[in-house]
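# Overview (structure and organization)
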Amino acid sequence: QVQFVESGGGLVQPGGSLRLSCAASRSIDSIYAMAWYRQAPGKQRDWVASITNGGSAVYADSVKGRVTISRDNAKRMVYLQMNSLKPDDTAVYHCNIASGPFAPWGQGTQVTVSS
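The sections below set out a description of the structure shown in this document. (Residues numbered from 1 in each chain as written. Predicted model: local features only at pLDDT ≥ 70, side-chain atom pairs only at ≥ 80, totals over all residues. Heavy atoms only, no water.)

### Some thoughts on the side chain of S50
Mapped onto the fold, S50 is located in strand β5 (residues 45–52). Reaching out from S50, the side chain makes a polar contact with the side chain of W47 at a distance of 2.5 Å. In contact with S50, not counting residues within four places along its chain, are M34, A35, S56, A57, V58, I69 and A98. (Helix = DSSP H or I, 4+ residues; strand = E, 2+ residues; numbered from the N terminus. Polar contact = N/O pair within 3.5 Å; in protein donor to acceptor, adjacent residues only side chain to side chain. Contact = heavy atoms within 4.5 Å.)

Written out as structure tokens, the structure reads:
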């Protein structure tokens, strides 16, 4: 079973940028669509973006135009480039299979957007 380890989060000012990385423990070639999710304190886990093996990406309205999801199957990596960050983007970010079956949820990576 594949597991994912996220990294790249941090503290950034509004308007700043971060690139999140997701390293898979096994091949993701067979996973049709990978996704990023986020969870703010006291909130449910929300879907942020998905990308298929063909490179088709879909984004939540809350981040559309500000983020770009990408994947490199050869490197077993998924990325989320985040620009023009807003305080509402503050959350723990996780990557996983887009629509399940979900792999175990890891620790995620914390993104804090604050001045």
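There is more to say, and it comes next.
### Comments concerning the pattern of salt bridges
Pairs can form between side chains of opposite charge whenever their charged atoms are close. Enumeration over the complete set of coordinates arrives at 3 salt bridges. A salt bridge links R38 to D89, with the shortest nitrogen-to-oxygen separation between them at 2.9 Å. Separated by 51 residues along the polypeptide, R38 in strand β4 (residues 33–39) and D89 in the loop between β8 (77–82) and β9 (91–97) bring together distant segments of the chain. Residue class for D89 comes out buried when judged on its relative accessible area of 1%. We note a salt bridge from D61 to K64, for which the minimum N-O separation is 3.2 Å. One exposure class covers both D61 and K64, and it is exposed. (Salt bridge = Lys/Arg side-chain N within 4 Å of Asp/Glu carboxyl O. Buried < 20%, exposed > 50% of the residue type's maximum accessible area, 1.4 Å probe, protein only.)

### Considerations on the nonpolar core
Core analysis: the biggest nonpolar cluster contains 30 residues, and F4, L20, W36, I69, L80 and Y93 have the highest contact counts within it. Of all the elements in the fold, those that place two or more residues in this core are β3 (18–24), β4, β5, β7 (67–72), β8, β9 and β10 (109–113). If near-sequence neighbours (up to four positions away) are discounted, I69 is found in contact with M34, A35, W36, A49, S50, I51, A57, Y59, V78, Y79 and L80. (Core = buried A, V, L, I, M, F, W, Y, C linked by side-chain atoms within 4.5 Å.)

### A short note on the pairing of β5
As defined by bridge partners, β4 adjoins β5 across 7 bridges and the pair is classed as antiparallel. Looking at β5, one finds that Q39 is bridged to R45. Counted along the chain from β4 to the antiparallel partner β5, the turn is 5 residues long, and its residue G42 has a positive phi close to 75°. (Pairing = 2+ DSSP bridges.)

### Here's the deal with the sheet that holds β10
If you trace the 6 strands from one edge of the open sheet to the other, you get β2-β10-β9-β4-β5-β6, paired in mixed fashion. Strands at the two margins of the open sheet, each flanked by one partner only, are β2 (10–12) and β6 (57–59). Each strand of the sheet is rotated relative to its neighbour by a mean of 25°, with strand direction disregarded. (Axes fitted to C-alpha atoms, helices over the stretch in contact; angles between N-to-C directions.)

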